[in-house]
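# A closer look at the structure
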Amino acid sequence: MAPRPRVDVNQQTAVDMNAARSQTSINVQTVKNYLYGGQKAWDLRQRLEKIIAQEPLFDKQHRDFLGRTDQYIRAAAITNRLTELQRMHGWSQEEYRTASSLLSEVVSIALHDAAFQPVFLGQGSPALMDNYWDLVHEKGIQGCYLQTELGHGTNVARLETTSTYIPETQEFELNSPSLTSTKWWIGALGKSATHGIVQAKLILPDGKDMGPHLFFVQLRSLEDHKPLRGIAVGDIGPKASGGMAAQDQGFARFDHVRIPRTNMFSKFAEVTIEGSYIQPPHAKLSYGGMMYIRATMIPTAGWTIAKAATVAIRYTTVRRQGELDAKGLERQVLTYPSTYYRLLPILSRAFVFIELGRYTIKALTQMQERLASRDTSLLPEMHALLCGLKVFVTTQGIIDIETARRSMGGHGYSAFAGLGRLYIEYLPSATFEGDNFVLDGQVVRAATKLCKAVLSSTSAVAKLPLPSAYLRLLSTTSEAPPQVTSSTWHDVHSVVLLLEWRAALMVKNFTQTPASGDVDANVNQRLARAITEAFVAAQVSEMINNLTNLPSEDARVVGCLYRLYLLTSAESALVDLLSVGLIRHTGAGDPTQDLRLAVKALCLEVMPNAIGLTDAFGFSDRILDSALGVSDGRVYEALWKRVQMEPMNKDEVTPAYAPYIRPMLQRGQAAAQQKMKLKSRL
Ligand SMILES: Cc1cc2nc3c(=O)[nH]c(=O)nc-3n(C[C@H](O)[C@H](O)[C@H](O)COP(=O)(O)OP(=O)(O)OC[C@H]3O[C@@H](n4cnc5c(N)ncnc54)[C@H](O)[C@@H]3O)c2cc1C
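Cut-offs and rules
- Position numbers for residues count from 1 along each chain, tracking the sequence in the order it is written.
- Per-residue local features are limited, in this predicted model, to residues with pLDDT of at least 70; the limit for side-chain atom pairs, both in listing and counting, is 80 or more; totals at the level of whole chains, interfaces and linings are taken over all residues.
- Based on all heavy atoms of the structure, the side-chain values leave hydrogens and waters out of the count.
- Labels follow the DSSP assignment, with helices taken as runs of H or I lasting at least four residues and strands as runs of E lasting at least two, numbered in each case from the N terminus.
- All radius of gyration figures rest on C-alpha atoms, and the globule criterion is 2.2 Å times the number of residues raised to 0.38.
- Between buried and exposed lies partly exposed: a residue is buried under 20% and exposed over 50% of the maximum accessible area for its type, with that area taken using a 1.4 Å probe on protein chains only.
- Whether two residues are in contact is decided by their heavy atoms, any of which lying within 4.5 Å being enough.
- The criterion for strand pairing is that DSSP finds at least two bridges linking the strands in question.
- Here an angle of 0 to 180 degrees is reported between the N-to-C directions of two axes, which are lines fitted to C-alpha atoms, with helices fitted over the stretch in contact.
- Pairing of aromatic side chains requires ring centres within 6.5 Å, counting the rings of Phe and Tyr and the six-membered ring of Trp. Pairs whose planes differ by under 30 degrees are stacked, by over 60 edge-to-face, and all others tilted.
- Consider the ring centre and the ring normal. A charge sits over the ring if Lys NZ or Arg CZ is within 6 Å of that centre and within 35 degrees of that normal.
- UniProt positions are given in the numbering used here, feature names are shortened, and annotations may be inferred rather than shown by experiment.

### Some details on the overall build of the chain
Counting secondary structure elements, the chain contains 21 helices and eleven strands. For a compact globule of 682 residues, the expected C-alpha radius of gyration is about 26 Å, and the chain comes in at 29 Å, within 12% of that figure. Along the three orthogonal principal directions, the C-alpha set of the chain runs to about 100 × 75 × 65 Å. For the chain, buried positions account for 51% of its 682 residues. Considering only contacts within the chain whose residues lie at least 6 apart along the sequence, 74% involve residues at least 24 apart.

### Here's the deal with the side chain of Thr360
With respect to the secondary-structure elements, Thr360 resides in helix α9 (residues 337–372). What Thr360 contacts, discounting residues up to four positions off in sequence, is Ala295, Ile298, Met382, Leu386 and Leu389.

### Considering the sheet that holds strand β4 (residues 183–186)
The strands making up a sheet associate through hydrogen bonds between their backbones, and the pairing can be parallel or antiparallel. With respect to topology, three strands assemble into an open sheet ordered β4-β8-β7, the strand pairing being antiparallel. The two strands at the open ends of the sheet, each matched to only one other strand, are β4 and β7 (231–235). Averaged over all pairs of adjacent strands, the angle between their axes in this sheet comes to 15°, without regard to strand direction. By the bridge criterion, two bridges tie β4 to strand β8 (residues 250–254) in an arrangement that is antiparallel. Counterpart to Ile186 in the pairing with β8 is Gly250.

### A short note on the packing of aromatic side chains
Counted according to the given criterion, the structure contains 19 aromatic pairs. With a centroid separation of 5.2 Å and an interplanar angle of 55°, the aromatic rings of Tyr165 and Phe172 are classed as tilted. Owing to a relative accessible area of 2%, Tyr165 belongs among the buried residues under this scheme. One aromatic cluster in this structure is built from Tyr36, Trp42, Trp303, Phe351, Phe617 and Phe619. Taking the ring centre of Tyr336 as reference, the NZ or CZ of Arg331 above it sits at 4.4 Å.

### Describing the UniProt feature "active site" (unreviewed entry) in the chain
UniProt marks Glu433 with the feature "active site" (unreviewed entry), using the numbering shown here. Its location among the elements puts Glu433 in the loop between α11 (419–426) and α12 (436–456).

Set out below in structure tokens:
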């Protein structure tokens with residue numbers, strides 16, 4: 001047998017990346033424009049990226065080696081420079097937001113932008129806006145949102161902080177009556193924020209408790225940043241696995257702190273000068289701020305998953321492992337079925353969540369316009385939808401980042417791979433803005449209410465809001481559930497219908513369970529997922545229809561990704577599909593095998609464009625900050641370069657040698673010599 005040619009494993013990486021790019025059949029720029037919502041948005045991003053890339057402060061090369069305090073100080077310096085650049089270049093809000101996202105850093109000012117400012121806008125009274133909006137908007141003050149307490153998070157009704165109205169001075173007095181009433185986990189409160197929006201129980205002069213309301217409170221002096229009298233404030237310490245180290249989650253206690261009456265957020269509910277309470281027109285009007293944050297979490301999930309997919313697909317394209325082929329090359333890791341089956345569905349979810357985010361934010365904007373004229377009709381449905389979507393995208397996003405990291409083997413565990421950081425920073429999204437398991441319950445409550453209406457009256461179907469359209473299937477005039485055959489998996493409409501039937505039957509079964517009947521402990525999670533997946537599947541079908549706006553080859557490839565999304569959703573729903581009898585074992589072979597083979601076929605169809613599709617996300621090497629995700633594929637050189645920066649490598653002999661390593665070795669050597677002597681005497 002002729003000897004196989006020797007391959008330079010390092011040089012081969014660039015060869016493999018170039019070869020993968022040259023296989024791309026899509027127009028990367030067109031798909032990029034599609035993902036960013038038009039060429040204009042992409043051009044803006046490019047223009048801002050050039051500015052940001054030139055800033056030495058924004059360099060990420062050394063951040064993995066910094067301790068917590070230095071990470072926080074670095075983040076503050078970055079924020080200061082970003083706002084300076086905003087003024088220098090006269091950036092609009094949109095430009096500032098884009099530049100901020102391009103930083104790809106955890107910074108405390110994010111809480112001001114994402115939580116503090118929207119609540120101010122949505123719930124500030126005209127008086128509060130007149131007095132403070134300019135300061136808020138111009139960042140003359142820095143805000144945070146103080147809801148969670150040491151003793152309560154989910155159960156907002158049991159928060160203990162009080163705000164008591166004193167008519168004599170027209171002031172509220174804020175008080176933390178117990179250790180467990182201490183505000184806790186509050187982003188930017190530890191060391192940064194000057195002001196906060198405090199959720200506290202409103203107590204009227206007659207002692208009546210009106211439940212939690214929002215109050216605007218100054219926390220630190222604008223002269224020297226010291227906490228104001230009566231306020232004890234600090235940082236709650238390091239987070240799990242060193243995550244979000246640059247952000248100062250904080251605690252605060254209030255000892256009879258007075259604020260003016262006008263500092264209550266009273267756009268909807270109000271306390272009069274005399275101390276009477278004016279009810280809001282709808283109990284859930286104040287949900288607006290939180291709904292906005294939840295809506296933005298959908299595209300964020302998409303772009304976060306996109307980063308994980310880009311890094312892992314690039315690395316597994318150039319990483320070779322296995323038996324040599326005739327050319328002397330090992331197999332590209334991405335080509336193993338167990339690898340592409342893990343990674344390509346992640347790529348498909350990134351595309352879907354990015355598009356879904358666009359839809360949701362548009363729908364929310366429409367609802368907010370109606371809210372402005374006090375029309376709350378869309379509110380309950382939007383609330384339930386956003387709860388479901390928030391849970392779905394964050395739960396899936398967390399799984400996807402970790403799956404992508406593991407697909408890269410041992411090097412994936414290096415901090416220089418970048419996915420460990422991405423994971424740990426994304427992880428709390430399952431808990432904040434509503435714990436995912438708690439939100440599931442709200443999705444199910446809303447669905448059962450509508451289901452009962454549909455089951456009791458045929459006219460209710462006509463009034464079903466779009467996200468609950470799947471319940472139409474329960475109407476007496478609806479067709480019977482479809483028969484699943486091998487062709488089902490090749491027809492978008494059939495797969496969507498199947499996922500809708502799954503949700504409808506599961507909700508119906510649950511709704512019809514007698515009050516005395518037992519339900520399993522996981523029922524809310526299963527139902528909420530089925531409900532949300534039915535909605536998302538219908539949206540994906542729309543996305544496929546709208547692909548006619550793209551050139552045909554781009555539409556074909558992105559369409560494959562969307563179908564892959566639908567099929568992997570159906571695959572993960574198999575247990576439910578079997579439980580509700582939509583798929584049956586007929587004795588003629590495995591009824592799920594056709595689906596699994598269709599998933600594989602779609603993966604193979606997407607594969608030649610895997611690199612092109614990840615390039616379409618438009619991430620620079622600076623943003624990904626990953627030695628394994630470099631766009632030229634030269635991963636070993638990038639990893640080697642990073643390792644040279646490791647501070648421990650500055651000393652040839654570690655300072656730990658003399659005091660600790662040497663004495664241990666010397667004791668061991670002496671003991672071994674002693675034993676040798678004893679042996680030689682025997
Ligand atoms: C990184 C990070 C940043 C944060 N930033 C902020 C911030 O800026 N401002 C702020 O106010 N808060 C913030 N939080 C707090 C966050 O909003 C709360 O952690 C969250 O609301 C959950 O509350 P909890 O931690 O008290 O958990 P708990 O409510 O005690 O929940 C504990 C467990 O009980 C379960 N559980 C609780 N109630 C129910 C129920 N009714 N049904 C079923 N299961 C239930 C939950 O699923 C969970 O598993 C932050 C948290 C984190 C981790």
